[in-house]
Amino acid sequence: MSLAVDLSIAAGLVVLAWRSLAGRDLFRGIVMYIVFGLLLAVTWARLGSPDLAMAEAAIGAGVTGALLMVAYWRLKRISPAEPEDRSPRRSRLAATVALLSTGMVAAIGLAAVQAIGPGGIAGRALFEALPATGLGNPITGVLVVFRNLDTVLEVAVLLAAYLAVRAVLGDRGESLAQPPPQEARLVGALVGVVAPLSVLVALYLLRAGSYLPGGAFQAGATLAACGVLLLLTGRLRAAADAGPWVRGALVVGTAVFGLFGVAMLAFGEPLLAIPGTWAVYLIETAMMVSIAVTLMLLFAGAAGLGGGRR
Amino acid sequence: MTSATVWVLAAASIFGVGLYALIVARHLLRQLIAVNVMGSAVFVLLVVAAGPIAGALDGIPLALVLTGIVVAVSATGFALALLVRLAEATGSISLEDDGEPDDR
C-alpha cells in the first residue's frame, strides 16, 4: 500500500518534469515546473524531511517560479515577435540524444540502487554529537554548528548572485507591473491579513528551527514571499539605488556569521566555533534578513527597494 | 522493489528527461528549467541513496540539499539576468546560429 503511494508520487514527478520541458507553450512549461516543485515538496514530506519540504515549496517552487515568470514577462516585452519556443521541432540529433539520455538513466539508476546504504559514518556521528549542542534539529546542527563554513559561504553566494545580477543589469528601478489606479478593495484586505501573518510564520519558523522543522532558510523564504506580494501590489517598489537599510540587510548575514566566527579566535576557540544556542539564534536571524532581502531583489531585478504609493 | 528503489529510479528518469531537454531545447529559458529539473533529481538521489539512520533520514545530505536549493535559486536568478541582457543585446533568446546544418 505504502509502495503504491510512493509509486504514484514518483510517476507524477516524472510526468510533470516531462510536461514542463516538452511542448511548445513556454508559459505552460513554467507553470508545470512550479507544480513539479510542489510535488517535489510532497516527496520530501513523504521521505520524512519536513525541513526540505518547506524549503522546496517556498524556494524551489515559489521563488524560482516567480523568477521564471518575471523573466518570461521581460523577454516577452523585449521581443514580442520571438516565437515562444521552437524546441520540439525535430532536430536530427533528438533520437540520438534520447537514446544516450536513456542509457544515462539506466547507468545512474543501477549505480544509485547499489549505493543505497544504511547511512554514513558522519550521519551517525551527527546524531551522537547533536544533544551536546542543545539543538534538536539535526539540519540546523549541521548548518550552523558542524559544517558552518559551508553555510557562511552559501550566504556569500546569495550576496554574490545579487552583485552579479546588478553588474549585468545595471542600476535599474523599473517596476514590475503598474498597479491599477483604482485598486480592488479585496487586495488591501488580503495584504493586510497575509503580510503580518507571513512575518509571524517566519519568526515562528526561525524560533522553531533549533529543535523542530524550520530554520533561517525557510523563514527567509517566507519573508521573501511576503515581499514579492508587496512588490506586486505596489506597497514596495523597485528602486535604482540601494539605500543604507537595504545594503545593511544584504550583508548582515555574511557579516554577522563571519565576524562572529573570527571573533571566537580571540577567545582561544577554533574558527567559527558556536558558544551556545543564543549564538545560533543571532546568526540565524541575521541570515534570515539577508536571505529575504536578497531573494526579493533578485525577483525585482533591481538594485534597491523603496516605499510604494499606498 | 523497495520504496528507496522507486525513488532512485524516478530521480534517474527525471535526470534523463532534464538532460534530453537541455540538449534538444533551443529556448534558453527552457534550458534553464531543464538544469533546475536535473538539479532536483540530484537532490532526491543524494538523500535517498544515503539511506536512513535509526529510522530517521541522515541529516548531512539533508543539510547539503537545503544549501543546494538556495544556491540553485541564486544561480537561476543570475542566469535569468544574463538571459534578459542577451535578449536586449541581440533580440534573440537562444544560442543557435541561423544557418546551423542540423537545424532542419
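Predicted, not measured: the structure shown is a model, and the values here were computed from it.

Right, let's get into the overall build of chain B. Within chain B, the regular secondary structure consists of three helices and two strands. With respect to the three principal axes, the spread of C-alpha positions in chain B is 60 × 30 × 10 Å. Within chain B, the fraction of its 104 residues that count as buried is 62%. A separation of at least 24 residues holds for 51% of the contacts in chain B among residues at least 6 apart in sequence.

Within this model, the largest pocket holds a volume of roughly 420 Å³. Looking at the largest pocket, it is lined by 28 residues, and the ones nearest its centre are A:Leu47, A:Gly48, B:Gly55, B:Ala56 and B:Leu57. Looking at the lining of the largest pocket, the elements with two or more residues in it are helix H2 (26-47), helix H3 (50-78) and helix H6 (138-146) of chain A together with helix H1 (3-24), helix H2 (28-50) and strand E2 (56-57) of chain B. Residue contributions to the lining of the largest pocket peak at three residues, all from H1(B). Per-domain counts for the lining of the largest pocket show at least three residues from each of domain 1 (1-80) and domain 2 (122-310) of chain A.

Before going further, it helps to examine the interface of chain A and chain B. Taken residue by residue, the interface counts 90 residues in chain A and 75 residues in chain B. Joining chain A to chain B, the criterion identifies zero salt bridges. Here chain A is connected to chain B by three residue pairs in polar contact (both at pLDDT 80 or more). Here the side of chain A that touches chain B gets 14 residues from one element, more than from any other, and that element is H3(A).

Let's shift gears to the nonpolar core. By size, the foremost hydrophobic cluster in this structure holds 119 residues, and its most contacted members are A:Phe36, A:Trp44 and B:Leu29. Shared between two domains, this core holds at least three residues of each, these being domain 1 (1-80) and domain 2 (122-310) of chain A. Apart from the residues within four sequence positions on either side, A:Phe36 is in contact with A:Leu13, A:Leu16, A:Ala17, B:Ile14, B:Val37 and B:Ser40.

A contiguous nonpolar patch, built from A:Phe27, A:Val31 and A:Val35 and spanning about 210 Å² of accessible area, is present on the exposed surface. Structurally, A:Val31 is set in helix H2.

Definitions and limits used
Residues numbered from 1 in each chain as written. Chains lettered and ligands numbered in written order. Predicted model: local features only at pLDDT ≥ 70, side-chain atom pairs only at ≥ 80, totals over all residues. Heavy atoms only, no water. Helix = DSSP H or I, 4+ residues; strand = E, 2+ residues; numbered from the N terminus. Buried < 20%, exposed > 50% of the residue type's maximum accessible area, 1.4 Å probe, protein only. Contact = heavy atoms within 4.5 Å. 1 Å grid on protein atoms, 1.4 Å probe; cavity = no way out; pocket = protein on both sides within 12 Å on 5 of 7 lines; lining within 4 Å. Points joined across faces, edges and corners; volume = space filled by probe spheres on them. Domains from an automatic or database assignment. Salt bridge = Lys/Arg side-chain N within 4 Å of Asp/Glu carboxyl O. Polar contact = N/O pair within 3.5 Å; in protein donor to acceptor, adjacent residues only side chain to side chain. Core = buried A, V, L, I, M, F, W, Y, C linked by side-chain atoms within 4.5 Å. Patch = residues over 30% accessible without salt bridge, like charges linked within 9 Å, V, L, I, M, F, W, Y side chains within 5 Å. Areas by Shrake-Rupley, 256 points an atom, 1.4 Å probe, with all protein chains shown as cover.

In short, shape yes, function no, at least from these values alone.
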